[in-house]
Amino acid sequence: MCRILAYLGAPIQLEALLYEPEHSLVVQSYEPREMTSGVVNADGFGVAWYHPQRETSPFVYKNILPIWSDVNLPELSRYVETSCFMANIRSATTGQAVDLSNSQPFKRDRLLFTHNGFIENFRQTLYRPIRDRLQDSIYQQIQGSTDSEHILALLQETRDSLPNASLETLLHKTLITLTELATPLSIKVSANIILSDGKRLVASRFALNTSAPSLYWLQTPSEISTNTLIASEPLFAAKWERCPENSILSVGEDFETRINPIL
């Protein structure tokens, strides 16, 4: 299982969440507390962020090395300041290549996507059914071999058919489609997903025929600003809220937070 993290709020340096907390993402890479499979997250990582002033495509930095051994990230994380970013430290599924094309987060235009979870026996079960649902332009965008990128492709297909739909609707319909494909095969699926367009965060904690991976959120309002974190594990001592299983959490531009069940 990977560990994922997303932030929305006042501009912040990446190091404030990647390195400084007592249970930072770097610490979680070698000493996770709530992983249900695997021991460490050493199969690469990725960090993606939006420019705090300009409306532009987000920036992505990835490496196939463990996050603790990247000599450039500490300097980069001191330099980069952003109001919205997400990160993923990877624990690769057995048989999946450790390369940059399989590293997350994934970027599609202004959309960022990261996934923690799995599709059981993906190559033998849903690999072909998912690809059969894709139009050629989306099919051609798939660069890697992970179930994660194929779930993103399903979401893109949904977005293409519903161009005005909200991120919540796109994520909900994608998970319903995934359920419809997986149910006849009686396979296990887990899909903790975070989406962002740079202004909002939308996340799911979802599982079929298994338990969902851990996912928490924390909102810290103040007189100056409101900050929201979504993370696989709490980064520091605070009143973190556990996301309910089979639900979608959304944080709007006004930081209003909603939790809705996945029906």
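Below or above, wherever it landed, is the structure these notes cover. Computed from a prediction, not measured in an experiment: that's the story for all the values here.

1. As for the packing of aromatic side chains
Okay, step 1: Scanning the entire structure with this criterion turns up six aromatic pairs.
Okay, step 2: Geometry around Tyr127 places Arg123 over its ring, the cationic atom sitting 4.0 Å from the centre.
Okay, step 3: Residue placement shows Arg131 over the ring face of Tyr139; its charged tip is 4.7 Å from the ring centre.

2. With respect to helix 6 (residues 147-161)
Given 3.6 residues to a turn, an α-helix orients residues that are three or four positions apart in the same direction.
Okay, step 1: Under the 1.5 Å per step criterion, the end-to-end length of helix 6 is 22 Å for 15 residues, consistent within 8% with the ideal 21 Å.
Okay, step 2: Here helix 6 has its buried residues at Asp147, Ser148, Glu149, His150, Ile151, Leu152, Ala153, Leu154, Leu155, Gln156, Glu157 and Thr158.
Okay, step 3: Residues of helix 6 that are buried in the fold lie against strand 5 (106-108), strand 6 (111-119), helix 4 (127-132), helix 5 (136-139), helix 7 (167-182) and strand 7 (189-196).

3. Comments concerning the pairing of strand 8 (residues 201-205)
Okay, step 1: Counting buried positions over the five residues of strand 8 gives five, a clear majority of the element.
Okay, step 2: What you see with strand 8 is no split at all: Leu201, Ala203 and Arg205 on one side and Val202 and Ser204 on the other are buried throughout.
Okay, step 3: As defined by bridge partners, strand 8 adjoins strand 13 (residues 247-251) across five bridges and the pair is classed as antiparallel. Looking at the pairing, Ser204 lines up with Ile248 of strand 13.

What counts and what doesn't
- Residues numbered from 1 in each chain as written.
- Predicted model: local features only at pLDDT ≥ 70, side-chain atom pairs only at ≥ 80, totals over all residues.
- Heavy atoms only, no water.
- Phe/Tyr/Trp six-rings, centres within 6.5 Å; stacked < 30°, edge-to-face > 60°.
- Lys NZ or Arg CZ within 6 Å of the ring centre and 35° of its normal.
- Helix = DSSP H or I, 4+ residues; strand = E, 2+ residues; numbered from the N terminus.
- Expected span 1.5 Å × (residues − 1).
- Buried < 20%, exposed > 50% of the residue type's maximum accessible area, 1.4 Å probe, protein only.
- Contact = heavy atoms within 4.5 Å.
- Pairing = 2+ DSSP bridges.

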